[in-house]
Amino acid sequence: MQTPSLDDLRRYAIARTLFRPTSLPRAIQRLGFVQADPIRAPARAQDLTLRHRVKDYRAGDLERRYAKLDIEEDCLVNYGFLPREHLALMHPRASKRKPWDAATRRRADDVLAFVRERDEVHPREVDAHFANGRVTNYWGGSSNAGTQLLDGMHYRGMLRVVRRESGTRVYAAVEHAPPIDDSPGGRAMRAAALLELIVRKYAPLPAASLTYLVRLLNYGAPHLATETQAALRDAREVLGSARIDGTTWYWPAEENPRSRRHAPDEAVRLLAPFDPVVWDRRRFALFWGWTYKLEAYTPAPKRQFGHYALPLLWHEQVVGWANVAARDGRLQPAFGYAGSQPRGSAFRAALDDELQRMTTFLSPR
């Protein structure tokens, strides 16, 4: 294969993840993982990501349909939604940073038995059962210790999220069947599959970004850290790769970044800060020549882009950003541009179309 140019990689990166809109299950399957974020500005990140990839998608559809989909809330390189089949790649797992002591394990066993008796539970039911006199100081005197324990049990694969109630997770017990192959060979296969999953999610990847993502896998699979490093060494030998302007890039071996199928379309798109197109800030700077930041947790006086700036993609260029509020069914966007604002009727018409799509996306069904 002839070495691709940086322009080829940019077009390839956009086209491979901004695929033709499909059904919600197929979109999640194809993405492999959808990062979640609780901030609504004007909608949650998972909804902002899926609206470009799911036909007739509305804000909140993922939460409304979650219980009937073959997906899970869980951790990969961060927290989000992924096909249920991927859970076996990451479990059983335990936190190396916050291991449980014997007392915490006993509490977890008690809570797990309680959840099994009731099929599914809201955290307030757990708190009421264990804190109201049944066992004195059961949570160790901390008002949020029960929630922390449920979070830890979910992380360790003892519980799963069956649905949300006003944004709060409702849990059920998990039975892992068939038993997970935790032999050395099985662990190596799972690590290789996890590495393939993140490459397919975020390719094409600069070498430093691939290494960073493997480090983040310690969040989703800390017990496979050694095997994941070995999988990374092997992958560098078999993935498609090229060195361009001093940077080594990687992508799935069977894909061709120079394919003419990657030509950009005419649409303007407002992307979530965690959309696969812009998630890798290192790649962002290489592709578009400027630095984008999410400043939701930056003090307002120090913000350059605004509270929740959505990158503004037109053709194959991220030309700026927008902070979007919605009040009384009307959008109130505020735009910024990395350089000069695009001129001409084509851009204005495409931007108007995107704002209309955003309005429809935010409207109730």
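Nothing here was measured: the structure is a model prediction, and the numbers come from that model.

**Q** Sorry if this is basic, but what is going on with the overall build of the protein here?
**A** When you go through the protein residue by residue, the secondary structure sums to 13 helices and twelve strands. Projecting the C-alpha coordinates of the protein onto the three principal axes gives extents of approximately 70 × 55 × 40 Å. Within the protein, the fraction of its 365 residues that count as buried is 52%. Total accessible area computed for the protein in this model is approximately 18,000 Å², and 48% of it derives from carbon and sulfur atoms.

**Q** For this particular structure, what's the right way to read helix α11 (residues 225-238)?
**A** Working note: α-helix, 3.6 residues per turn, so residues spaced by three or four point in the same direction. A rise of 1.5 Å per residue sets the reference length of α11, with its 14 residues, at 20 Å; its end C-alpha atoms lie 20 Å apart and thus fit the reference within 8%. Taken together, the buried positions of α11 are occupied by Glu-227, Thr-228, Ala-231, Leu-232 and Ala-235. Summarising the axial view, the buried residues of α11 lie within an arc of 145°, below the 170-degree limit, and thus occupy one face. Away from the buried face of α11 by more than 90 degrees, exposed residues Thr-226, Arg-233, Asp-234 and Glu-237 are located. In this structure, the buried residues of α11 make contact with α9 (184-202) and α10 (207-220).

**Q** What should I look at first to understand the sheet that holds strand β1 (residues 34-35) in this one?
**A** Where strands meet in a sheet, backbone hydrogen bonds hold them as pairs that are either parallel or antiparallel. The strand order across the open sheet formed by three strands is β1-β3-β2, and the pairing between neighbours is antiparallel. Strands with a single pairing partner mark the edges of an open sheet, and in this sheet they are β1 and β2 (71-75). As defined by bridge partners, β1 adjoins strand β3 (residues 79-83) across two bridges and the pair is classed as antiparallel. Following the sheet pairing, Gln-35 is matched in β3 by Gly-80. Lying over the sheet, helix α2 (residues 24-31) contacts β1, β2 and β3, oriented at roughly 105° with respect to β3.

**Q** Sorry, what's going on with unusual backbone geometry here?
**A** Phi is mostly negative for residues that are not glycine, and the peptide bonds are mostly trans. In this chain, Ala-41 is followed by Pro-42 through a cis amide linkage whose omega measures 5°. Omega for the peptide link from Ala-203 to Pro-204 comes to -5°, which places this bond in the cis form. Within the secondary structure layout, Pro-204 lies in the loop between α9 and β6 (205-206). With a phi angle near 50°, Asp-245 is a residue other than glycine that sits in the positive phi range. The phi torsion at His-315 lies on the positive side, around 55°, for a residue other than glycine. Along the polypeptide, His-315 turns up in the loop between β10 (310-314) and β11 (317-327).

**Q** What exactly am I supposed to notice about the side chain of Thr-17 here?
**A** You can see Thr-17 is positioned in helix α1 (residues 6-17). The residues contacting Thr-17, other than those within four sequence positions of it, are Leu-31, Arg-53, Pro-276 and Val-277.

**Q** Just to check I follow, could you spell out the sheet that holds strand β9 (residues 268-270) for this structure?
**A** Here four strands make up an open sheet; going across it, the order is β9-β10-β11-β12 and the pairing antiparallel. Looking at strand neighbours, the two that pair on one side only are β9 and β12 (330-337), the edges of this open sheet. Averaged over all adjacent pairs, the angle separating strand axes in this sheet is 30°, with direction ignored.

**Q** Explain the pairing of strand β8 (residues 247-251) here, please?
**A** Consecutive side chains along a regular strand alternate between the two faces of the sheet. Among the five residues in β8, four count as buried, and that is most of the element. Note that β6 and β8 share two bridges and pair antiparallel. In the strand pairing of β8, Leu-205 is matched with Tyr-250. Bridge analysis of strand β7 (residues 240-244) against β8 gives five bridges, and the strand direction is antiparallel. Each residue of the ladder has a partner; that of Ile-244, found in β8, is Thr-247. Linkage of β7 to β8, two consecutive antiparallel strands, is achieved through a turn of two residues, within which Asp-245 is found at a positive phi near 50°.

Thresholds applied
- Counting starts from 1 at the beginning of each chain's written sequence and moves along it residue by residue.
- Residues qualify for local features only when their pLDDT is at least 70, as the model is predicted, and side-chain atom pairs are given and counted only at 80 or more; totals for whole chains, interfaces and linings, by contrast, use all residues.
- With hydrogens and water stripped out, all remaining heavy atoms of the structure feed into the side-chain values.
- Numbering of helices and strands runs from the N terminus, with a helix taken as a DSSP run of H or I at least four residues long and a strand as a DSSP run of E at least two residues long.
- Throughout this description, buried means an accessible area under 20% of the type-specific maximum (1.4 Å probe, protein chains only), exposed means over 50%, and partly exposed covers the range between.
- Accessible areas in this description were obtained via Shrake-Rupley with a 1.4 Å probe; residue shielding takes into account the shown protein chains only.
- Expected helix span is computed as 1.5 Å times (number of residues minus one).
- To obtain the arc, one takes the directions from the helix axis to the C-beta atoms.
- By definition, residues are in contact when any of their heavy atoms lie within 4.5 Å.
- Two strands pair if DSSP finds at least two bridges between them.
- In this description, a line fitted to the C-alpha atoms serves as the axis of each element, helices being fitted only across the stretch in contact, and the angle between N-to-C directions of two axes falls anywhere from 0 to 180 degrees.

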